[in-house]
Amino acid sequence: MTPGTPEFDAYLRHRSALIDYAAPILGCRARAEDVVQEAFVRYSRRQKSMAGADAPQSIGDPVSYLYRIVRNLALDWLRKPEAALKADDGRDLERLADAAATPEQVMMQRDQVRVLAEALEELPERTRVAFTMRRLEGRSLQEIADHLGVSVVRAHQLVKDAVRHGAERLDRST
């Protein structure tokens, strides 16, 4: 999505309402924000693919289409096996005990955590704060944007930059 395009304008106009729609389905507002963002990416791709077709087509009711995408993505997420696990349910944690990591896996995971911590330290402070607020504290993009004094789109870009940097550092370490 590019600022100034109809898709981006739709994103800004309907984002909050779609998050409000997805949050009760998912039981988590932060997860709902991720689902809504993915829905807009898919909507944008669909619009572009339709624009490239020989016969011009359009989506009859884009807002209804977006709600349907959000609902489907939210329900798909709920169907994932890991979505069924609740950290506050001790029975689920007991079932996970059988899947305990081997000493080698623990060492590899610790090494990965070390690499990621170093990668975080390499980032500009604003990017590091955005990542920490989003991924470690579970804050919404709006909260991050307000805290940093930037737009929601810029807050998302900062988090994305941090994730990309961490992934690149992990790739280089292996």
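Residues numbered from 1 in each chain as written. Predicted model: local features only at pLDDT ≥ 70, side-chain atom pairs only at ≥ 80, totals over all residues. Heavy atoms only, no water.

A.B. asks: What's the story with the packing of helix α7 (residues 141–148) against helix α8 (residues 152–173) in this structure? I'm lost.
C.D. replies: Geometry of a packed helix pair, given as the angle between the helix axes and the separation of the axes. In the contact formed by α7 and α8, the axes pass within 8 Å of each other and the chain directions differ by 100 degrees. In this view, α7 runs roughly perpendicular relative to α8, as classed from their interaxial angle. Side by side, α7 and α8 meet where Leu 141, Gln 142, Ile 144, Ala 145 and Leu 148 of the first sit next to Val 152, Ala 155, His 156, Leu 158 and Val 159 of the second. Residue composition of the contact of α7 with α8, by class: eight nonpolar, two polar and no charged. (Axes fitted to C-alpha atoms, helices over the stretch in contact; angles between N-to-C directions. Helix = DSSP H or I, 4+ residues; strand = E, 2+ residues; numbered from the N terminus. Parallel < 35°, antiparallel > 145°, perpendicular 65-115°, else oblique. Contact = heavy atoms within 4.5 Å. Nonpolar A, V, L, I, M, F, W, Y, C, P; charged D, E, K, R; others polar.)

A.B. asks: Explain helix α6 (residues 125–136) to me, please; I cannot follow it from the model alone.
C.D. replies: In an α-helix, one turn spans 3.6 residues, which is why side chains three or four residues apart end up on the same side. Helix length check: α6, at twelve residues, gives a terminal C-alpha distance of 15 Å against a target of 16 Å (1.5 Å per residue), a fit within 8%. Within α6 the residues assigned to the buried category are Thr 127, Ala 130, Phe 131, Met 133 and Arg 134. The buried residues of α6 occupy an angular sector of 170 degrees when the element is viewed end-on, so they sit on one face. The exposed set on the far side of α6, more than 90 degrees from its buried face, consists of Glu 125 and Leu 136. (Expected span 1.5 Å × (residues − 1). Buried < 20%, exposed > 50% of the residue type's maximum accessible area, 1.4 Å probe, protein only. Arc of directions from axis to C-beta.)

A.B. asks: Before we go on, may I ask you to explain the pattern of salt bridges in this structure?
C.D. replies: Pairs can form between side chains of opposite charge once their charged atoms are near each other. As enumerated under the stated definition, the model contains eleven salt bridges in all. The partner of Arg 114 in a salt bridge is Glu 118, with the nearest N and O atoms 3.0 Å apart. Taken together, the residues Arg 114 and Glu 118, both in helix α5 (residues 103–122) and four residues apart, mark about one turn of the helix. Measuring nitrogen to oxygen at the nearest pair gives 3.5 Å for the salt bridge that ties Arg 139 to Glu 137. Its relative accessible area of 35% is what places Arg 139 among the partly exposed residues. Among the residues examined, Glu 137 registers a relative accessible area of 45% and is labelled partly exposed. Connected via shared salt-bridge partners are Asp 111, Arg 114, Glu 118, Glu 122 and Arg 169. (Salt bridge = Lys/Arg side-chain N within 4 Å of Asp/Glu carboxyl O.)

A.B. asks: Sorry, what's going on with the packing of aromatic side chains here?
C.D. replies: For any pair of aromatic rings, the description consists of the separation of the ring centres together with the inter-plane angle of the planes. This model, assessed by the stated rule, comprises two aromatic pairs. A centroid spacing of 5.0 Å and a plane angle of 75 degrees characterise the contact between Tyr 21 and Tyr 67, whose relative ring orientation is edge-to-face. Here the residue Tyr 21 occupies a position in helix α1 (residues 6–26), and Tyr 67 occupies one in helix α3 (residues 62–79), the gap between them amounting to 46 residues. Using a relative accessible area of 30% as the deciding quantity, one classes Tyr 21 as partly exposed. Taking the relative accessible area as the measure of exposure, Tyr 67 reaches 25% and is therefore partly exposed. Each ring, one from Tyr 43 and one from Tyr 65, has its centre 6.2 Å from the other, and the planes form 50 degrees; the classification is tilted. Note that Tyr 43 is positioned in helix α2 (residues 29–51) and Tyr 65 in helix α3, a separation of 22 residues in sequence. What makes Tyr 43 buried here is its relative accessible area of 5%. (Phe/Tyr/Trp six-rings, centres within 6.5 Å; stacked < 30°, edge-to-face > 60°.)

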